[in-house]
Amino acid sequence: MPSPPSRTACVDCDLLVRIDGLAGGERATCPRCGSVLTARTEDGWTKSLAFALAAAMLLLAANLFPFLSLQASGLEQVMTLPGSAVELYRGGYTTIAVLVMGPIVGIPALIVATATALLIPLRRGRATPWLVPAGKLLSFLGPWSMVEVFVIGVLVSLVKIGAMATVVMGISFWAYVAFAICFTLMITSLDRVQLWRDIEACVA
Ligand SMILES: [Zn+2]
C-alpha cells in the first residue's frame, strides 16, 4: 500500500524533496544530486526482522562461549565477553567495563530488542502503544553502537598480540563477527523515512 506524500531533506545536498508514497520495490532519488532518499522493500519488514532475530541469537552465542584464548610459555588464558567485563570490574575499572561493554554488547542488544518490538507489529500493520517510543529510541541509540569498530579493533589488536602469544579464536569470536554482519544488514535495511511512515500509518 503506497504511503502519503511528505517532504524529506537530501542528506547529501540539503534539497527539500516532496516524496509521494512509494510502492514496494520503488525508491526515490534526489533530482539535484541523484542520491537515494528512501527506498521501500518489496517484502515489507520481513528481511529486517529476520536479520534482527538472527542478530539476537548470534549475540547471545557470542556471550556464552570462549571469545579467544591466549597461549604463551605453557600458560593458557581463555577469555569470554562477560568474563572480561567482570575482570575489569574486579580490577576496579567499573567505568571502563561499562564504557567497553555498553557500545559492543549492551546498546546493540537494546537496539536489536527495540527493532524486533517495532518490526513485529509493523509487519502486521498493527498499532501498539510502544511504536512511537520504540522508533524514537531506535533513532537515539543508533549512533551509540560500536559493533563494527569493535570487530576492527579486535583484529588490529590481534596483530599485535599475535607477536607475543598464540591466539586461538573461540566460537564466540566467530559468533560476534556473524552478529556484526547481521546487525549491520539490519540497520541498513531499516529505511528511516519508510519506518516513520509506517509507524504514522499504524498509529493514525
Ligand atoms: Zn541531493
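Residues numbered from 1 in each chain as written. Predicted model: local features only at pLDDT ≥ 70, side-chain atom pairs only at ≥ 80, totals over all residues. Heavy atoms only, no water.

Peer 1: Explain the coordination of the zinc ion to me, and be specific about the residues and the numbers.
Peer 2: Looking at the zinc ion, one finds its protein donor set to be Cys10 (SG), Cys13 (SG), Cys30 (SG) and Cys33 (SG), positioned 2.3 Å from the metal centre. Taken together, the 4 donor atoms coordinating the zinc ion span angles of 103 to 118 degrees at the metal, a pattern that classifies the geometry as tetrahedral. (Donors = N, O, S within 2.8 Å, 3.2 Å for Na, K, Ca; no water. Tetrahedral: all angles 85-135°; square planar, octahedral: opposite > 155°, others 65-115°.)

Peer 1: Account for the environment of Ala165, naming residues and giving values.
Peer 2: For Ala165, the location among the structural elements is in the loop between α5 (147–161) and β7 (166–169). Overall, Ala165 belongs to the buried group, its relative accessible area being 14%. If we skip the residues at most four places from it in the chain, Ala165 touches Gln71 and Ala72. (Helix = DSSP H or I, 4+ residues; strand = E, 2+ residues; numbered from the N terminus. Buried < 20%, exposed > 50% of the residue type's maximum accessible area, 1.4 Å probe, protein only. Contact = heavy atoms within 4.5 Å.)

Peer 1: Give a detailed account of the packing of helix α4 (residues 131–141) against helix α7 (residues 192–203), specifying residues and quantitative values.
Peer 2: Look at α4 against α7: their axes get within 10 Å of each other, and the N-to-C directions meet at 165 degrees. As judged from the angle between their axes, α4 and α7 are roughly antiparallel. In this structure, α4 meets α7 at a crossing whose hand is left-handed. Taking contact as the criterion, the partners of Leu131, Val132, Gly135, Lys136, Leu138 and Ser139 in α4 are, on α7, Leu195, Trp196, Ile199, Cys202 and Val203. (Axes fitted to C-alpha atoms, helices over the stretch in contact; angles between N-to-C directions. Parallel < 35°, antiparallel > 145°, perpendicular 65-115°, else oblique. Left-handed = near helix turned anticlockwise from the far one by under 90°.)

Peer 1: Give me the sheet that holds strand β5 (residues 68–72): which residues, what numbers.
Peer 2: With respect to topology, 3 strands assemble into an open sheet ordered β6-β5-β7, the strand pairing being antiparallel. Sheet topology places β6 (75–79) and β7 at the edges, where each strand pairs with a single neighbour. Between one strand axis and the next, the sheet turns through 20 degrees on average, direction left out of account. When β5 meets β6, the two strands line up antiparallel, connected through 5 bridges. Bridged to Gln71 within β6 is Glu76. (Pairing = 2+ DSSP bridges.)

Peer 1: Give a description of the domain arrangement of the protein that names residues and reports values.
Peer 2: Looking at the assigned domains, one finds that the protein contains domain 1 (1–40) and domain 2 (44–190). Each of domain 1 and domain 2 has a C-alpha centre, and the two are 32 Å apart. (Domains from an automatic or database assignment.)

Peer 1: Explain a nonpolar patch on the surface residue by residue, including any values.
Peer 2: Taken together, the side chains of Leu60, Leu64, Phe65 and Ile171 make up a nonpolar region of the molecular surface, amounting to roughly 410 Å² of accessible area. Among the secondary structure elements, Leu60 is positioned in helix α1 (residues 46–64). Judged by relative accessible area, Leu60 falls into the exposed class, the value being 53%. (Patch = residues over 30% accessible without salt bridge, like charges linked within 9 Å, V, L, I, M, F, W, Y side chains within 5 Å. Areas by Shrake-Rupley, 256 points an atom, 1.4 Å probe, with all protein chains shown as cover. Salt bridge = Lys/Arg side-chain N within 4 Å of Asp/Glu carboxyl O.)

Peer 1: Please set out the side chain of Ser48 residue by residue, giving values where relevant.
Peer 2: Relative to the elements of secondary structure, Ser48 occurs in helix α1. With residues up to four places along the chain from it excluded, the contact list for Ser48 reads Leu119, Met186, Ser189 and Leu190.

Peer 1: Please provide a residue-by-residue account of α1, values included.
Peer 2: Relative to the 27 Å expected for 19 residues at 1.5 Å per residue, α1 spans 28 Å between its end C-alpha atoms, a close match to the ideal helical length. Along α1, the residues that are buried comprise Ser48, Leu49, Ala52, Ala55, Leu59, Ala61 and Ala62. Looking at the buried positions of α1, the neighbouring elements they touch are α2 (81–90), α3 (94–124) and α6 (171–189). (Expected span 1.5 Å × (residues − 1).)

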